[in-house]
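Chain by chain, the residues run as shown.
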Amino acid sequence: MPTDPTLSDSTPNDPSAGVRPARALLYLHGFNSSSASPKAQLVKRACEALARHEGRPFECLIPDLSHRPNVAWQQAEAALEQLGHDDTLLVGSSMGGFLATILAERHGLRAVLINPAVQPARFVADYMGQTLVNDDSGERFTIDNSYFDQLTALQWDRIVHPARYLLLLGGADETLDCRDALRAYAGSRTLIHPGGDHSFNVLPDYLPALFAHGGWHVPDSLEFS
């Protein structure tokens, strides 16, 4: 179980009680990551295990998102259209959390955000001119001004319904300051893992909370291997 997490608000012992279970889950990975990332694959295995345990469908879709923000946004929208807008739980990590927020606000969906990027355009200057490589696909690309322009065009203003969100934050995130997320998502249910980094490799401990936000109960005996 999580090691002394910080909870931002009072919650019942079983947050899934009385909540209609999501019928599908859309996972959006972070910038320059892929559907093969450890967190993405863990969530996929968990969805499959829950569906088997409950004896009912729980579709999980994890699209490979482009490094270009406008293309990644189009891919995220298309993936949600494929699943359908009704009762889909959004889960996004880092840049995927940024995109999941846009979808959640537009379609009134629940979302779990893992170390979400709040204003990603601010970080473009740090990488301007650098050539990056995607470890999974081998694709090489160079950061230019178009990334700033695209992210600025996508930037959301404020959260209208904080109760839609669960934040899972690493208290020692070396990439994003978790205080930015705390301010931007004020009023949302938030779990902070002390010492947790940007990769949030403690996600297995937080799967019960993640799925409870979508109305699913994870039995202690369930294995995701």
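Given the structure is predicted, the values throughout are model-derived calculations rather than measurements.

So, how was this worked out
- Residues numbered from 1 in each chain as written.
- Predicted model: local features only at pLDDT ≥ 70, side-chain atom pairs only at ≥ 80, totals over all residues.
- Heavy atoms only, no water.
- Salt bridge = Lys/Arg side-chain N within 4 Å of Asp/Glu carboxyl O.
- Helix = DSSP H or I, 4+ residues; strand = E, 2+ residues; numbered from the N terminus.
- Buried < 20%, exposed > 50% of the residue type's maximum accessible area, 1.4 Å probe, protein only.
- pLDDT = per-residue confidence, 0-100.
- Contact = heavy atoms within 4.5 Å.
- Phe/Tyr/Trp six-rings, centres within 6.5 Å; stacked < 30°, edge-to-face > 60°.

On to the pattern of salt bridges, then. Within this structure, the stated rule accounts for 8 salt bridges. Salt-bridge contacts for Arg20 lead to Asp87; the nearest nitrogen and oxygen are separated by 3.1 Å. Taken as a pair, Arg20 in the loop between strand 1 (6-7) and strand 2 (24-28) and Asp87 in the loop between helix 2 (69-83) and strand 4 (88-93) lie far apart in primary sequence, 67 residues in all. In this structure Arg20 comes out as exposed when scored by relative accessible area, which is 60%. With its nearest N and O atoms 3.6 Å apart, the salt bridge here joins Arg106 to Glu77. Taken together, the residues span a long stretch of sequence, with Arg106 in helix 3 (residues 95-107) and Glu77 in helix 2 at a distance of 29 residues. A residue is classified by how much of its surface remains accessible, and Arg106, at 55% relative accessible area, is exposed. One salt-bridge network, in which partners are shared between bridges, spans Arg122, Asp180 and Arg183.

To continue, consider unusual backbone geometry. Even without being glycine, Ser94 reaches a positive phi, approximately 55°. With respect to the helices and strands, Ser94 occurs in the loop between strand 4 and helix 3. Looking at Ser94, the relative accessible area reads 14%, which means it is buried. A positive phi is found at Asn115, a non-glycine position, where the angle reads about 45°.

Here we come to the confidence of the model for the protein chain. A low pLDDT score tells you not to read the predicted coordinates there in detail. Taken as a whole, the protein chain shows an average pLDDT of 90; of its residues, 92% reach a score of 70 or greater. Under a pLDDT of 50 for its full length, residues 1-17 has, in the predicted model, 28 contacts with residues more than four places off or in other chains.

On to the packing of aromatic side chains. In the structure shown here, the tally under the stated rule is 6 aromatic pairs. Taking the centre distance of 5.9 Å and the plane angle of 85° together, the rings of Phe31 and Phe141 count as edge-to-face. In this pair, Phe31 sits in the loop between strand 2 and helix 1 (38-54) while Phe141 sits in strand 7 (residues 140-142), placing the two residues 110 residues apart along the sequence. Residue class for Phe31 comes out partly exposed when judged on its relative accessible area of 35%. Seen from their ring centres, Phe200 and Tyr206 are 5.4 Å apart, and the 50° between their planes marks the pair as tilted.

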